[in-house]
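Each chain, letter by letter, is given below.
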Amino acid sequence: AGAYTISEDDPTPAGYVLVGIACENTATGQVYMGDIFNRSVDFSLAQGDRVHCVFANEKLGTVIIKKLTAPSGGAGFSFFSDLAVGSFTLKDGGKEIVANVLPGTYTVIENDPTATGFELSGINCVDSAKKGRPSSDDVASRSALILLDPGETVTCTFTNSIDNTLSVEKVTDPDSTDSFGFDG
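As the structure is a computational prediction, the values presented were derived from the model and not from experiment.

In this section: the environment of Glu58. With respect to the helices and strands, the residue Glu58 is situated in strand β5 (residues 51–59). It is 9.5 Å that separates the C-alpha atoms of Glu58 and Gly20, two residues lying 38 residues apart in sequence. The contact partners of Glu58, leaving out residues within four places of it in the chain, are Gly15, Tyr16, Val17, Val19, Pro103 and Pro150.

Following this line, the structure appears as structure tokens:
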């Protein structure tokens, strides 16, 4: 009998996050809700009481952003994200690995790459959790919507291609306003 406190050590080094604490006195039905921030729960026991506590943890995930260019060799592609890393820059073949990410929804956007002579030509996101929520991408908005499930790794590859342009100028000697057709 008496007052008790049960606490959990920080689960982050093991790759987990505490998401809930609840204890129930099975003799009286009283429920004690824990303090997730302090990773503890306080309760009192009388003679003959039995308390059952559940500390619920979720596995942290990993997000990997990769950059490829065609042809190879591009550099200085900048990204913005709502992940803990915030903004970052990648070159061709580079990757940004963000570990110990809370399960949830995140967005990664490639800033407009046209100043580098490239354009975003594709985004491909692969989720390791086959039964989880699938991540998605949108080339038009240059963004990946990452739906990170517990313990999952999501890898998104942003591919840029040379922004090809073709300019045709017709010159006549002498100057003329005649029309000429072109095929391409």
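There's plenty left to go through after this.
Counted according to the given criterion, the structure contains 2 salt bridges. Glu110 is the partner of Lys67 in a salt bridge, and the nearest nitrogen-oxygen pair spans 3.1 Å. Residue Lys67 is located in strand β6 (residues 61–70), and its partner Glu110 is located in strand β10 (residues 104–110); the two are separated by 43 residues in the primary sequence. Accessibility classification places Lys67 together with Glu110 in one group, the buried group. Close ionic contact of Arg133 with Asp149 constitutes a salt bridge, the shortest N to O distance being 3.2 Å. Here Asp149 lies in the loop between β13 (143–148) and β14 (153–162) and Arg133 lies in the loop between β11 (118–127) and β12 (136–138), a separation of 16 residues in the sequence. The class for Arg133 is partly exposed, based on a relative accessible area of 36%.

So, on to the state of the cysteines. One pass over the full model with this rule turns up 2 disulfides. Between the sulfur of Cys23 and that of Cys53 lies a disulfide, 2.0 Å long from S to S. Residues Cys23 and Cys53 are joined by a disulfide whose S-S torsion is about 115°; by sign, that bridge is right-handed. Here Cys23 is found in strand β2 (residues 16–25), whereas its partner Cys53 is found in strand β5, with 30 residues between them in sequence. Its relative accessible area of 23% is what places Cys53 among the partly exposed residues. Covalent S-S linkage joins Cys125 and Cys156, the inter-sulfur distance amounting to 2.1 Å. Looking along the S-S bond of the Cys125-Cys156 disulfide, the torsion reads about 115°, which is the right-handed sense. Residue Cys125 is found in strand β11, and its partner Cys156 is found in strand β14; the two are separated by 31 residues along the sequence. You can call Cys156 buried: its relative accessible area is 0%. Ordering the disulfide-forming cysteines of the protein by sequence position, one finds them joined as 1-2, 3-4.

So, about the packing of aromatic side chains. Going through the model one piece at a time under the given rule, you end up with 5 aromatic pairs. Ring centres of Phe79 and Phe158 lie 5.1 Å apart, and the angle between their planes is 80°; on these two criteria the pair is classed as edge-to-face. Residue Phe79 is located in strand β7 (residues 77–81), and its partner Phe158 is located in strand β14; the two are separated by 79 residues in the primary sequence. Exposure class is identical for Phe79 and Phe158. Each is buried. Connected via pairs of aromatic rings, a cluster forms that spans Tyr4, Tyr32 and Phe43.

Thresholds applied
- Residues numbered from 1 in each chain as written.
- Predicted model: local features only at pLDDT ≥ 70, side-chain atom pairs only at ≥ 80, totals over all residues.
- Heavy atoms only, no water.
- Helix = DSSP H or I, 4+ residues; strand = E, 2+ residues; numbered from the N terminus.
- Contact = heavy atoms within 4.5 Å.
- Salt bridge = Lys/Arg side-chain N within 4 Å of Asp/Glu carboxyl O.
- Buried < 20%, exposed > 50% of the residue type's maximum accessible area, 1.4 Å probe, protein only.
- Disulfide = S-S within 2.5 Å.
- Phe/Tyr/Trp six-rings, centres within 6.5 Å; stacked < 30°, edge-to-face > 60°.

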